[in-house]
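# Observations on chain architecture
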Amino acid sequence: MTKIIKSDLTKEMIEKAMQCKTADELLELAEAEGYEMTREEAEAYIAELADFELEEEVLERAAGGSCYTNMTCDDNECNPAHPHCFTGDSEVAVPGGMKHIKDLQVGDKVMTLDSKGNEIVGKITEVMPPQEEEIVEVLFSDGTLWRATASQTLYLDHERQYMVKDAKGKEALLRGGGNVTVTDVKSTGRRETVYDVLVGEEDDEDVIFVAGIAAEGYFTKGERGL
């Protein structure tokens with residue numbers, strides 16, 4: 001069985017997946033196509049497909065056809081069709097302080113995690129071009145508020161990440177240790193300009209700390225994020 005790599009998915013494969021209504025159907029499809037998938041992964045994909053409709057342009061983008069404006073593709077590896085993003089005023093942990101995500105540039109240093117979950121200083125390797133998306137507010141048990149897209153992912157550990165639209169009652173990792181719980185997620189009904197970054201090397205976790213809470217960035221290479 002082959003591990004699923006998002007950058008290898010073809011338009012036809014994505015369209016087949018969209019026909020699946022349950023995690024069991026998606027698991028059966030993956031097995032029939034010769035791919036390895038866990039039930040947790042299948043349930044996450046079904047939840048994402050239920051909330052987002054892939055139009056022709058997006059399908060081509062997800063299958064390596066094109067990228068967002070000003071993005072580059074290496075060997076047909078592009079950023080995901082559905083962005084994981086924050087509003088520009090979201091504060092990201094950097095060495096010695098915080099910086100608004102809209103001000104981050106390639107080469108800037110941020111606090112991230114290595115493959116073993118240890119906090120390290122990492123460098124931004126890609127910046128997603130700003131774009132307008134609908135915003136949700138995510139409230140945590142310590143009073144922290146995120147303003148992000150519904151597909152933004154909060155991070156607990158390497159095996160447990162959750163899109164915020166499904167995250168009520170879920171936990172996320174606090175910088176410095178400990179966890180915090182999502183107490184509420186609600187749509188604002190507003191569209192705002194959002195931003196995101198790719199951090200670290202292939203073996204590192206693509207994690208940034210937004211307002212002190214771990215969030216996954218977006219992935220473009222290999223199996224990162226799967």
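A brief structural summary. Remember, predicted model here, so these are calculated numbers, not experimental data.

Before going further, it helps to examine the pairing of strand β8 (residues 145-148). For strand β7 (residues 119-140) and β8, the ladder comprises four bridges, and the chain directions are antiparallel. From the neighbouring strand, L139 faces β8, where its bridge partner is L145. Following β7, the chain reverses through four residues before pairing antiparallel with β8; G143 in that reversal takes a positive phi of roughly 95°.

Okay, helix α2 (residues 23-32) next. Those residues of α2 that fall on the buried side of the exposure criterion are A23, L26 and A30. One face of α2 carries all of its buried residues, which in axial projection span an arc of 60°. In α2, the exposed positions that point more than 90 degrees away from the buried face belong to E28, E31 and A32. G34 sits one or two positions beyond α2 and adopts a positive phi of about 85°.

Attention now goes to the pairing of strand β9 (residues 153-157). Summarising burial for β9: four of the five residues are buried, a large majority. Note that β9 and strand β10 (residues 160-163) share four bridges and pair antiparallel. By the bridge assignment for β10, T153 is matched with M163. The antiparallel pairing of β9 with β10 creates a hairpin that spans two residues between the two strands. Bridge count between β9 and strand β14 (residues 213-216): two bridges; the pairing is antiparallel. Its bridge partner being in β14, T153 is matched across the sheet by E216.

Attention shifts here to the pattern of salt bridges. Under the defined criterion, the tally for this structure stands at nine salt bridges. D24 serves as the salt-bridge partner of R39, at 2.3 Å between the closest nitrogen and oxygen. Here the residue R39 occupies a position in helix α3 (residues 39-51), and D24 occupies one in helix α2, the gap between them amounting to 15 residues. Where R190 meets E192, a salt bridge forms, and the shortest distance between an N and an O atom there is 3.7 Å. Of the residues examined, R190 reaches a relative accessible area of 40% and is grouped as partly exposed. One network of salt bridges, in which partners are shared, links D89, R147, R190 and E192.

Turning to the packing of aromatic side chains, a few remarks are in order. Any aromatic ring pair is given by two values, namely how distant the centres are and how the planes are angled relative to each other. Under the counting rule described, the total for this entry stands at two aromatic pairs. Each ring, one from F86 and one from W146, has its centre 5.0 Å from the other, and the planes form 90°; the classification is edge-to-face. A residue pair is termed long-range when its members are at least 10 positions apart, and F86 in strand β3 (residues 86-87) and W146 in strand β8 qualify at 60 residues. Taken individually, F86 and W146 each receive the classification buried, so the pair is uniform in this respect. Residue classification places W146 among the buried positions, given a relative accessible area of 1%. Members of the aromatic cluster, each reached through a chain of ring pairs, are F86, F140 and W146.

Calculation notes
- Residues numbered from 1 in each chain as written.
- Predicted model: local features only at pLDDT ≥ 70, side-chain atom pairs only at ≥ 80, totals over all residues.
- Heavy atoms only, no water.
- Pairing = 2+ DSSP bridges.
- Helix = DSSP H or I, 4+ residues; strand = E, 2+ residues; numbered from the N terminus.
- Buried < 20%, exposed > 50% of the residue type's maximum accessible area, 1.4 Å probe, protein only.
- Arc of directions from axis to C-beta.
- Salt bridge = Lys/Arg side-chain N within 4 Å of Asp/Glu carboxyl O.
- Phe/Tyr/Trp six-rings, centres within 6.5 Å; stacked < 30°, edge-to-face > 60°.

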